[in-house]
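Coordinate inspection notes
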Amino acid sequence: MSRSRTEAAVDAWESLFRSQVTLMRRFTAEDIWKPIGVREYDVLFTLSSSPTRALRLHELNERILLSQPSLSRMCDRLTAMGYVVRQSDPSDKRGTVICLTEAGADLQKSIGRKHATQIARLVGGALDGHELAELDRLCTKLRTTQAGIE
């Protein structure tokens, strides 16, 4: 008996979700994140990926997995540590821009190199080159088509 499209979608989602949870547990178990945590690193990484190393708070919120109040508090902590600064948006004084500092960029690069080694070992060690390319293609397609699905 063949599975329905719904069953296949649910099984694929469960596999993707459980793989992500398993990998995140492995990533966070290693002592590479100090003096910040994985979520703080995500903020620094996201800012470092922006051409200006700065994003409006709502743009940053769209790119990471935190609620807006949690992100605002996290940015306060990262500001206190000297890794980001808050500035008025030059194009709209009502908005706030979160900017990566040199210290934040340096920390992101340091942790990022260690994290890339983890990824290469745990993901690259499980999949060959063709599988990695296919996983990237499928995940990108899944992410980018969501806006068009009713």
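What comes next concerns the included structure.

Cut-offs applied
- Numbering of residues begins from 1 in every chain and follows the order in which that chain's sequence is written.
- Only residues with pLDDT of at least 70 get local features here, since the model is predicted, and only at 80 or more are side-chain atom pairs given and counted; chain-wide, interface and lining totals rely on the full set of residues.
- Processing note: side-chain calculations cover all non-hydrogen atoms of the structure and skip hydrogens and water entirely.
- Working convention: axes come from line fits to C-alpha atoms, limited for helices to the stretch in contact. Angles between N-to-C directions cover 0 to 180 degrees.
- By definition, any uninterrupted DSSP run of H or I lasting at least four residues is a helix, any uninterrupted run of E lasting at least two residues is a strand, and each is numbered from the N terminus.
- Here is the rule for angles: anything less than 35 degrees is roughly parallel, anything more than 145 is roughly antiparallel, 65 through 115 is roughly perpendicular, and the remaining ranges are oblique.
- Each crossing is labelled by how the near helix is turned from the far one, with a counterclockwise turn of less than a right angle marking it left-handed and a clockwise turn marking it right-handed.
- Pairs of residues are marked as contacts when any of their non-hydrogen atoms sit within 4.5 Å.
- Here a cavity denotes a set of grid points, spaced 1 Å apart and computed over the protein atoms alone, in which a 1.4 Å probe fits but from which it cannot get out, and a pocket denotes an open set meeting protein on both sides within 12 Å along at least five of seven lines; residues with an atom within 4 Å of a point are reported as lining.
- Grid points are joined across faces, edges and corners, and a volume is the space filled by probe spheres set on the points.
- Throughout this entry, Asp, Glu, Lys and Arg are counted as charged residues, while Ala, Val, Leu, Ile, Met, Phe, Trp, Tyr, Cys and Pro are counted as nonpolar. The remaining residues, Gly among them, count as polar.
- In this scheme, a helix's expected span is set at 1.5 Å multiplied by one less than its residue total.
- Three labels apply to residues, based on accessible area from a 1.4 Å probe with only protein chains included: buried if under 20% of the type maximum, exposed if over 50%, partly exposed otherwise in between.
- Here the arc refers to the directions that run from the helix axis out to each C-beta atom.
- Two strands qualify as a pair provided DSSP detects at least 2 bridges between them.
- Among buried residues, those of type Ala, Val, Leu, Ile, Met, Phe, Trp, Tyr and Cys that are joined through side-chain atoms within 4.5 Å constitute a nonpolar core.

**A closer look at the packing of helix α1 (residues 5-29) against helix α5 (residues 102-122)**
Two measures define how a pair of helices packs: the angle their axes make with one another and the distance between the axes. Following both chains from N to C, one finds α1 and α5 inclined at 135 degrees, their axes separated by 11 Å at the closest point. Here α1 lies oblique to α5, going by the angle between them. Crossing angle aside, the handedness with which α1 passes α5 is right-handed. Between α1, through L23, R26 and F27, and α5, the contact on the second element is made entirely by H115, Q118, I119 and L122.

**Quick word on the layout of surface pockets**
Taken as a whole, the largest pocket spans an internal volume of roughly 2300 Å³. Along its surface, the largest pocket is lined by 44 residues, and L16, Q20, M24, L65 and C139 are the ones closest to its centre. Put simply, the parts of the chain that give the lining of the largest pocket at least two residues each are α1, α2 (38-49), α3 (57-63), α5 and α6 (129-144). In terms of residues, the lining of the largest pocket owes the most to one element, α1, which gives 14 residues. Of the residues assigned to the lining of the largest pocket, the class counts are 26 nonpolar, 10 polar and 8 charged.

**Some thoughts on the environment of V84**
Residue placement: V84 occurs in strand β2 (residues 84-89). Separated by 40 residues in sequence, V84 and L44 have C-alpha atoms that sit 8.1 Å apart. Setting aside residues up to four positions removed in sequence, V84 forms contacts with L44, L47, C75, L78, T79, I98, C99, L100 and T101.

**Side note on helix α4 (residues 68-80)**
Between its first and last C-alpha, α4 extends 18 Å over 13 residues, near the 18 Å set by a 1.5 Å rise per residue. Taken together, the buried positions of α4 are L71, M74, C75 and L78. Buried residues in α4, looked at end-on, bunch into an arc of 105 degrees, giving them a common side. In this structure, the buried residues of α4 make contact with α2, α3, β2 and β3 (92-100).

**Quick notes on the pairing of β2**
Relative to β3, β2 runs antiparallel, the two being bridged by 6 bridges. Counterpart to Q87 in the pairing with β3 is V97. Once β2 ends, the chain turns through 2 residues before running back antiparallel as β3.

**What about the nonpolar core?**
Core analysis: the biggest nonpolar cluster contains 25 residues, and I36, V43, L44, L47, L60, L71 and L78 have the highest contact counts within it. Those elements giving two or more residues to this core turn out to be α2, α3, α4, β3 and α5. The contact partners of L44, leaving out residues within four places of it in the chain, are I36, L78, Y83, V84, L100, G104, L107 and Q108.

**Focus on the pairing of β3**
Judged from the 3 bridges that link them, strand β1 (residues 54-56) and β3 form a sheet pairing that is antiparallel. Its bridge partner being in β3, L55 is matched across the sheet by I98.

**Thoughts on the packing of α2 against α4**
At a minimum axis distance of 11 Å, the contact between α2 and α4 shows a crossing angle of 85 degrees. Between α2 and α4, the angle is such that the two are roughly perpendicular. On the side of α2, the interface is formed by R39, E40, V43 and L44, while α4 contributes L71, M74, R77 and L78. A per-class count over the contact of α2 with α4 returns 5 nonpolar, no polar and 3 charged.

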